[in-house]
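Coordinates in review
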Amino acid sequence: MTLVLYSVIAVSALVFTVASVRRAVWYARHPLHLRWELYPVPHEAPDRVAHGGSYFETSEWWRGDRPVNRVGEWMFMAREIALLHALREYNRPLWYRSFPFHLGLYLLIVATGGVLADAVAGMIAGRPGAATLLRGGCAAIGTAGLVLAVAGAAGLLIYRRTDPALRVSTTPGDLFNLGFFVVALGLVGAGLLARPAGAPGVWAIAEGLLRWDVTLQVPGLLAAGLVLSALLAAYIPLTHMSHFIGKYFTYHAVRWDDRPLGGNRKIAAALAESLTYRSRWAAGHVSSGQPASWADVVAANPAREEQR
Amino acid sequence: MKRPTSLSDLSRRDPAAITRIDPAALAPLGPDTPPATHPTPAAPPVTSAAAVELDGTRALVLPNPQTPEEEQRLVEAFLSGLEKLFSREDNWTFLQPLVLSMEHCAHCQTCADACHIFESSGEEDIYRPTYRSEILRRLYYQYVRGGGLLSAWQHGSVELNWPMVARLAELAYRCNLCRRCAQTCPLGVDNGLVAHEIRKLFSQEMGIAPKELHAAGSMLQIKTGSTTGMNAAAAKDNLQFIDEEMREKTGLTVETPWDVEGADVLLIHNAGEVLAWPENPGAFGVILNAAGISWTMSSDIAGYDSVNYGVWYDDAQFARVARLHAQAAKKLKVKKIVIGECGHAHKALLVVADRLLAGDLEIPRQSFLTVLRDIVVGGRLRLDPSRNDFPVTLHDPCNTVRLMGIVEPQREIIRAVCPQFREMHPHGVDNYCCGGGSGFAIMSSNTFPQWRAEVSGRKKVQQILDAFADCLDPSVRKYVCAPCSNCKGQIRDTLAYHDIWTRHGILYGGLVELVVNAMADVKPGFIEWEWR
């Protein structure tokens, strides 16, 4: 039983890492697209960010340096990640449910990190456990995280079933995903509450996992919750819920990618490569019957060829 | 209560429209304005009993297959295009943003509240930004990512048949590509881009696009030099006539220079201005000459028409026209290109084409807005703002504002010359589209003009009326400044449709006209208060 628990956690951690990296690499390896930014762009000069302006507001914008306001970008990202600002701004009813859910997950990640760090520190020091303060903090954060995440996921699930607009666009997969959170994290919470006195809790399990101590007797309900939570973690990067990866690209590589070509060798090289790609589009004005390079497609003038 | 339109309705074999606009559901137009007396979009004349309909109007002329084999061939052509849409070599231009939008929608409907078409239609489900995207997303998982039962359960599925393909083609032309929805998406999903990509699939693979954009648009432009069909000789004649009229009207010397090698500025207008609103290119000539700018126009192919309709529906056509623009400038050895009052031409040449115009084609490109701001704020003209002492509001063209970040220069100009300037709400990067974006303003087949006046243009009319709520009496002359040719055309059409000039005395026009109207050296009365 304990061996199964450890194995599922280890394999899930591996799947989560590999799948997340694989997804990020997949996105990053797409060819450089044409510019498609959307304003406001927060790395613009501070006096322009307020009204959503860009460097196109300056005369002869191509001359001189174009300073990039990284602080503005970080501030925007921090607000977006921590507070789900866009959702708060544009969809408040959903934010009331989604924000506690995400905040709960953040707290759980912090608490899990604290527990693992404590276990590692204990292993290195050769004695179990570390600072009581850290343990107390992790317990409080973890408890709050569990409550918020389960309540938030349940709130989202109910909202999806009751709101007419959401109901129409909800797939069985969406309901399953939210249900998965409620059940997995709910079981962890129930397992911790129902744990018999003296039975191992998260600290002992973390230490046992790191030491691969299969003699540990983990209570069944808690073990089931941890197994499901581990499977959930492995499942996330395989689905649209991996938006913690996708969002980096939708913002940085699309909405905010305002790098002009002028003098940028990397962009020029990417364009040169793309123009060698072979277009197979079949419509008469694009194709001459055979795949042709994009350079040739762009240079062609089908209207004049028609005329001839 | 009306039944919600589901995604499966798009595949309905019954060729009838899957939804109709309910006149009672249309939002009221504004304070003191009675409901429009015009009918809402009516069913188009049905040319064939089998023709598939979406919503009672049509933007496209679609094939009408008569046999199951013909239908199958068309569906296969669509599937072939779908595969190319997600291929690196065929769609490097937008593959990354498209894949991201396919992979990460959370179906939260935040985008729907941002969409003026969805809102103005009385919340018709098919106009939700997610509706067409979800169809493409399901096809993507089914046919591009391998599909299977697990995928169908996770992502949903849709029945692929000719009625679905035909309706999807139409549905791609019920979005203005204003990307207000993308701006609000908490995950950065871009449903405007998805509509753009669906249009590309149909155009680049199946040769299906609105005739106004393709056959009589970009194809005409690369054949004759202009989407208006006006060749260089006709353009020169027209500008000569406009110069004469400007001399008479302003009392100043006005002459449009052509093909001047080494000029500082190559000015490219939307050629539609020359024919529909000649006072606009005329006002440019007055200002540039008075400010002593070294400028020229080009008689090279496409060099006198900044229009680039390809940016709305076809990458090949888009790149070809952008290349012609750059070539015209290079040939004249000008220092930079300046784009006149045309929003999509701004975005096309300054932003989207930026990663196409490399090497020999690289040339600085600038908006007229910053040039004009420097002239006006820099004191290069003698101005008398009291000549513009009437209420003025400003429409923000999505292409120059939300999609390019040019927000303040036009305001600096307008504040300098219009003492009664007032903003619309919301404005700037949060603005609403005029309802004519992405080609709608020039699409006039069937009952489409009626649809865009009643539905896609409704929000803008509401905004205009709200901006002038304190002075709606028709005896008070008011001016909507729309510094974009397509927006101006759309605003003209919607104001006319809803009888706003007669009811409320609201006229529309460009920005340069306001500047010339305020020039102290110009005869008073450049702006004529007559409907046109």
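Small disclaimer: the values here were computed from a predicted structure and weren't measured. (Residues numbered from 1 in each chain as written. Chains lettered and ligands numbered in written order. Predicted model: local features only at pLDDT ≥ 70, side-chain atom pairs only at ≥ 80, totals over all residues. Heavy atoms only, no water.)

Bringing the overall build of chain A into the picture now. For chain A, the count of helices and strands is 14 helices and two strands. The C-alpha atoms of chain A give a radius of gyration of 26 Å, which is well past the 19 Å a tight globule of 308 residues would have. Taken along the three principal axes of its C-alpha coordinates, chain A extends 90 × 50 × 50 Å. In chain A, which comprises 308 residues, the share counted as buried stands at 47%. The contacts of chain A with a sequence gap of at least 6 include a subset with a gap of at least 24, amounting to 67%. When the accessible area of chain A is evaluated, it comes to approximately 15000 Å², of which 67% is carbon and sulfur surface. Averaged over its 28 positive side-chain charges, chain A has a centre that lies 6 Å from the centre of its 20 negative ones. (Helix = DSSP H or I, 4+ residues; strand = E, 2+ residues; numbered from the N terminus. Rg over C-alpha atoms; globule rule 2.2 N^0.38 Å. Buried < 20%, exposed > 50% of the residue type's maximum accessible area, 1.4 Å probe, protein only. Contact = heavy atoms within 4.5 Å. Areas by Shrake-Rupley, 256 points an atom, 1.4 Å probe, with all protein chains shown as cover. Lys, Arg positive; Asp, Glu negative; His and termini not counted. Charge placed at Lys NZ, Arg CZ, Asp CG, Glu CD.)

Turning our eyes to something else, we now look at the side chain of His-325 of chain B. Residue and element names in this part refer to chain B. Within the fold, His-325 resides in helix α15 (residues 315-332). Using a relative accessible area of 2% as the deciding quantity, one classes His-325 as buried. Other than its neighbours up to four places away in sequence, His-325 contacts Gln-221, Ile-268, Ala-302, Asp-305, Ser-306, Val-307, Ile-337 and Leu-349.

Counted by the stated rule, this structure contains 49 salt bridges over all chains. For Lys-247 of chain A, the salt bridge goes to Glu-80 of chain A, with nearest N and O atoms at 2.8 Å. Placement of Lys-247 of chain A in helix α11 (residues 243-255) and of Glu-80 of chain A in helix α3 (residues 70-83) is noted, with a sequence separation of 167 residues between them. This pair shows no difference in class: Lys-247 of chain A is buried, exactly as Glu-80 of chain A is. Connected via shared salt-bridge partners are Arg-35 and Glu-37 of chain A together with Asp-354 and Arg-365 of chain B. (Salt bridge = Lys/Arg side-chain N within 4 Å of Asp/Glu carboxyl O.)

In summary, the side chains of a regular strand alternate between the two faces of the sheet. Residues and elements named next belong to chain B. Side chains of strand β8 (residues 506-509) alternate between two faces, with Ile-506 and Tyr-508 and Leu-507 and Gly-509 buried alike. With four bridges connecting them, strand β7 (residues 478-481) and β8 associate as parallel partners. Paired with Val-480 across the two strands is Tyr-508, which belongs to β8. (Pairing = 2+ DSSP bridges.)

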